[in-house]
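Architecture and fold: a report
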Amino acid sequence: MPNRPHILIAIGPESESGREFINGVANYARLFGPWRIRWEPRGVQDLKSPLEKYAFDGAFVRDSDAGDVEAVLAAGIPSVVLLNKRRTVPGAVCVNTEDQAVGKLVAAHFLQRGYKHFAFLGRVEAVWSDDREAAFGEAIREAGCEVDICRATLIKAETGDGRFDSEPMEIWLKNLPKPLALMAVNDGFARFAVELCHKNDIRVPEDCAVVGVGNDLIRCDLTDPPISSVELLFQAAGREAAALLARMISGEKLGSLMVTAKAGDLVVRQSSE
């Protein structure tokens, strides 16, 4: 391994999971480095020169439409991939989330509170959303109930601006039976669901209890009422992924490996209390 490996982190700080993952990588580098780290929050596209000119020894990238995964693999850079749209990337170390456990944890939270009407707000073209939806729905159906599902669609997917077509979501939410227990696929969606409730005079949590995923403190605490959410242990996943990248930089051929960010506690706040 080089004395001071040059590492690219092409992961943004938009979510708690991304921030915690980067913290985990930083913790590893502080203990077992030193590493020379270049952070490009917007991805490989923001580099001013071709990847080959930077002589990166390793990289952490997110699976996105920007093509970062393809770029680092084509350059022959040992890489760790945070999965989004794909379930794996052949030949790479990948990071996923314990989505089955997340869905079951939220279902148990609602069922313990005696709800009879359930809903799931997810998004299209995201395997983690599909898996959380499937696990939540399975647990609810095993209890003898049904789940209403809405999957949000990006308005301008090609620009990556993250805006969703809210009109179908609003109509869906207004027409659901109340009181309702709603699982949102992450905290951004949970915050949006609460805003739609306010807009349509649906009380949270009296008419609609809401739980998100990620325990993003900024999104959860800025929402009125604050959002209940499932923790994802991405800092531990970041440390584990960094250790694997160090082994690859040293010349080990690890092949396809998976690091899983485990589900932590469901942090209960007013949105589902």
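Keep in mind that this is a model prediction, so the values were computed, not measured.

Digging into the packing of aromatic side chains
- For the structure shown, the criterion picks out 8 aromatic pairs.
- Aromatic side chains Tyr28 and Phe32 sit 4.8 Å apart centroid to centroid with 35° between the ring planes, which places their arrangement in the tilted category. Of the two residues, Tyr28 and Phe32 are both situated in helix 1 (residues 16–32); the distance of 4 residues between them amounts to about one turn of the helix.
- Accessibility expressed as a relative area gives 14% for Tyr28, which makes it buried.
- On the accessibility criterion, Phe32 (55% relative accessible area) is exposed.
- Ring geometry for Trp35 and Phe60: centres 6.4 Å apart, planes at 35°, overall tilted. Placement of the pair is Trp35 in the loop between helix 1 and strand 2 (36–39) and Phe60 in strand 3 (residues 58–62), with a sequence separation of 25 residues.
- The class for Trp35 is buried, based on a relative accessible area of 8%.

Quick notes on the sheet that holds strand 4 (residues 79–82)
- Strand order in the open sheet formed by 6 strands is 2-1-3-4-5-11, with parallel pairing between adjacent strands. Where the open sheet ends on each side, the last strands, each with one partner, are strand 2 and strand 11 (257–261). Averaged over all adjacent pairs, the angle separating strand axes in this sheet is 20°, with direction ignored.
- The sheet contact formed by strand 3 and strand 4 spans 4 bridges and is parallel. Its bridge partner lying in strand 4, Phe60 is registered against Val80.

The rules behind the values
- Residues numbered from 1 in each chain as written.
- Predicted model: local features only at pLDDT ≥ 70, side-chain atom pairs only at ≥ 80, totals over all residues.
- Heavy atoms only, no water.
- Phe/Tyr/Trp six-rings, centres within 6.5 Å; stacked < 30°, edge-to-face > 60°.
- Helix = DSSP H or I, 4+ residues; strand = E, 2+ residues; numbered from the N terminus.
- Buried < 20%, exposed > 50% of the residue type's maximum accessible area, 1.4 Å probe, protein only.
- Pairing = 2+ DSSP bridges.
- Axes fitted to C-alpha atoms, helices over the stretch in contact; angles between N-to-C directions.

Function-wise, these values are silent; they only describe arrangement.
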